[in-house]
Amino acid sequence: MYNIEVGLPDPDKVFDMIILGGGPTALGCAIYAARFAMDILVIGKVYGGLIMTTHIVENYPGITSVSGTRLMEMFRDHINSLSIQYISDEIRSIEKEDNHFVLKSYFGKFKALTVLLATGSERRKLGIPGEEEFTGRGVSYCATCDGPFFTDKVLAVIGGSDSAAKEALFLAQHAKKVYIIYRREEIRAEPINKKRVYENKKIEIINNTNIVEIKGDESGVKSVIFDNGREFEVDGVFIEIGSDPNSILAKRIGVERNVKGEIIINRKSETNIPGIYAAGDVADSPFKQAITGVSEGVTAAYAAFDYLKNVKIEY
Amino acid sequence: MAKLTKPVNLKVFTSQRTEANGSKIRACMDCGQFMSLLRIYEGNSNGKLTIEELSIDDNPEFAKRYDIQRVPTVLFIDDKGREVIRYLAAPQAGEIQPFIQAIFAFAGAPNYYEATIKQNLNRINPSTIKVMITNSCPYCPQVATIANLFAIASDGKIRTIIVDIATNPDIGQYYDAAGVPYTIVNDQKAISGMVGPDVILRSLIGGNIHVQY
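All values reported here derive from a predicted model rather than from experimental measurement. (Residues numbered from 1 in each chain as written. Chains lettered and ligands numbered in written order. Predicted model: local features only at pLDDT ≥ 70, side-chain atom pairs only at ≥ 80, totals over all residues.)

Draft legend 1. Highlighting the overall build of chain A. The number of helices and strands found in chain A is seven helices and 17 strands. At 21 Å, chain A has a C-alpha radius of gyration in line with the 20 Å of a compact globule built from 315 residues. Its C-alpha atoms give chain A principal-axis dimensions of roughly 65 × 40 × 35 Å. Taking all 315 residues of chain A together, 50% fall into the buried category. Once local pairs closer than 6 in sequence are excluded, the contacts in chain A between residues at least 24 apart make up 62%. (Helix = DSSP H or I, 4+ residues; strand = E, 2+ residues; numbered from the N terminus. Rg over C-alpha atoms; globule rule 2.2 N^0.38 Å. Buried ≥ 20, exposed ≤ 12 C-beta atoms within 10 Å, placed from the backbone. Contact = placed C-beta atoms within 7 Å.)

Printed below as a string of structure tokens:
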């Protein structure tokens, strides 16, 4: 979406690499691949990926503090400066044909000698009554998107991760009160964010508690029900309980995954299928950050560049 | 804007109050800044982009003809007189991108979704896609772009309305939108959050997408 003039590429054209994903991992790979003079195309379901919803990023080297949205605007400027074509779409199938892969979506058919799967992860849902019914009407998975709608309201953030802590800190700028509801004894945020949470008078942590239902009426969310049966009044519920890898496409084409559904990669970001690479949140790396994703994406670009030398000779 | 290859005319409805000395002041809060931006685009377009500012106070007949009930309203009207895109918003920040992309696509720039939209056009009834946005929402520009490009590719079958619900909260409340992006297809199906082109197209068709590469 971020190139002004984006049409459907020639379906017979064979790209050196098609990068699937719209987050830092995908775009980091794209920047390096373009600089290796590889002919590439980026197809992303969501430009920017999950980091777009992070209100503050303070651990990306070289940038002291930046919003996730602004960081991805900077990535956008970078890929635009290299004339990298980005398409907003979702690939639904990949097949091997001769020495290349054929990728199809509902809007286009593409060919590439190599593919990077940087399809990221998707927010996990609680799967409790009321969650789906009130999504967009008080239940949210994006504080940056929806926080401003809850000025002076009472909110619940479900989860105890660093992301949950940051969501609570952002929401506290708008809301009257924010409760972090966490199933364990102590939240797992980075020490710097944990300290900020503890020091914020608007934020209160309710430990050792699960919510089992979200209740409301035609005007939206009114309360949540705890696992001890208590009904707790809130105006909005922000769910931040982690994410699951978007690896269904990888599964369909026989890319090996671990029990969590993450794609198994080696130090070159290679999968078990030659020419198919994976990186970022969808891969089996234990520590998932923008910077580690970029690193894996860049590694994939170099590995693909190396791989193409042989494939192109055969071609 | 200098890359525009065909003329584009945008009708921008504002409200202008006439002072005692005859000077005019724009009465809506966002209109002045937005018009300044549009005039810069116009000035950089080598004459291809024309911004036609119409005050609803001075042009009540136009306001009535185009059903203008709030300002600013921006209309993209095709050469057959059909309204293709309506902005109930003064796009700022990230929302500028889909607005500019719509101007280019409206002028005939390549539209990625065009082939599939055209293949499925006979299965789409005249439709309206409403996208509720705010200027600070990270995913809204992506959904607005898809909806705009669908409308431009649809030969008048699809109309898109982009609504900034921070400045038009009554519309957000009417549709129970407490989150953005919030996409409503034909005032029936509401989709909360980021939504891809295939989901919107399926909502328009009411069935599976036909595609021939």
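So that's the structure; there's more coming.
Draft legend 2. View of the overall build of chain B. Helix and strand counts for chain B come out as seven helices and ten strands. Here the C-alpha atoms of chain B give a radius of gyration of 17 Å, agreeing with the 17 Å that 2.2 N^0.38 yields for 213 residues. The dimensions of chain B, computed from C-alpha atoms along their principal axes, are 60 × 40 × 30 Å. Expressed as a percentage of its 213 residues, the buried residues of chain B come to 45%. A separation of at least 24 residues holds for 69% of the contacts in chain B among residues at least 6 apart in sequence.

Draft legend 3. Structural view of the nonpolar core. Grouped together as the largest cluster of nonpolar side chains are 158 residues, with contacts concentrated most on A30(A) and L116(A). Per-element tally for this core: the top contributor is helix α5 (residues 140–153) of chain B, with ten residues. Counting contributing residues per domain, this core is built from domain 1 (14–122 + 243–314) and domain 2 (125–239) of chain A, each supplying no fewer than three. If sequence neighbours within four positions are ignored, A30(A) has contacts with I19(A), I40(A), V42(A), I79(A) and I84(A). (Core = buried A, V, L, I, M, F, W, Y, C linked by C-beta atoms within 7 Å. Domains from an automatic or database assignment.)

Draft legend 4. Quick peek at unusual backbone geometry. Residues and elements named next belong to chain B. A cis amide bond, omega -5 degrees, links V71 with the succeeding residue P72. Among the structural elements, P72 can be located in the loop between α2 (60–65) and β5 (73–77). With an omega dihedral of -5 degrees, the bond running from V180 to P181 counts as a cis peptide bond. Turning to its location among the elements, P181 is positioned in the loop between α6 (169–174) and β9 (182–185). Backbone geometry places D155, a non-glycine residue, at a positive phi of 50 degrees. On the secondary structure map, D155 appears in the loop between α5 and β8 (158–164). Classification of D155 as partly exposed rests on a count of 15 C-beta atoms within 10 Å. The backbone phi angle of D176 is positive, close to 55 degrees, even though this residue is not glycine. Positionally, D176 belongs in the loop between α6 and β9.

Draft legend 5. A look at the interface of chain B and chain A. Taken residue by residue, the interface counts 36 residues in chain B and 34 residues in chain A. Among the secondary structure elements, those contributing two or more residues to the side of chain B that touches chain A are α3 (96–106), α4 (114–119), α5 and α7 (197–205) of chain B. Looking at which element gives the most residues to the side of chain B that touches chain A, the answer is α3(B), with four residues. Residue composition of the side of chain B that touches chain A, grouped by class: 21 nonpolar, 13 polar and two charged. (Nonpolar A, V, L, I, M, F, W, Y, C, P; charged D, E, K, R; others polar.)

Draft legend 6. Up close: the environment of S45(B). Residues and elements named next belong to chain B. Mapped onto the elements, S45 comes out in the loop between α1 (31–43) and β4 (49–55). Taking the number of C-beta atoms within 10 Å as the measure of exposure, S45 has 19 and is therefore partly exposed. Note: C-alpha distance between S45 and M1 (44 residues apart in sequence) is 4.5 Å. Discounting residues that sit within four places of it in the chain, S45 has contacts with M1, A2 and L4.

Draft legend 7. Looking closely at the sheet that holds strand β8 (residues 139–140) of chain A. Residue and element names in this part refer to chain A. Taken together, the five strands give an open sheet; going across it, the order is β8-β15-β9-β10-β11, and neighbouring strands pair in parallel fashion. Because the sheet does not close on itself, it has two edges, and the strands there are β8 and β11 (203–206). Here strand β10 (residues 177–181) runs beside β11; their pairing, made up of four bridges, is parallel. Each bridged residue has a counterpart across the sheet, and for Y179 the counterpart in β11 is E204. Where helix α4 (residues 162–171) meets the sheet, its contacts fall on β9 (154–158), β10, β11 and β15 (236–239), and the angle it forms with β9 comes to roughly 170 degrees. (Pairing = 2+ DSSP bridges. Axes fitted to C-alpha atoms, helices over the stretch in contact; angles between N-to-C directions.)

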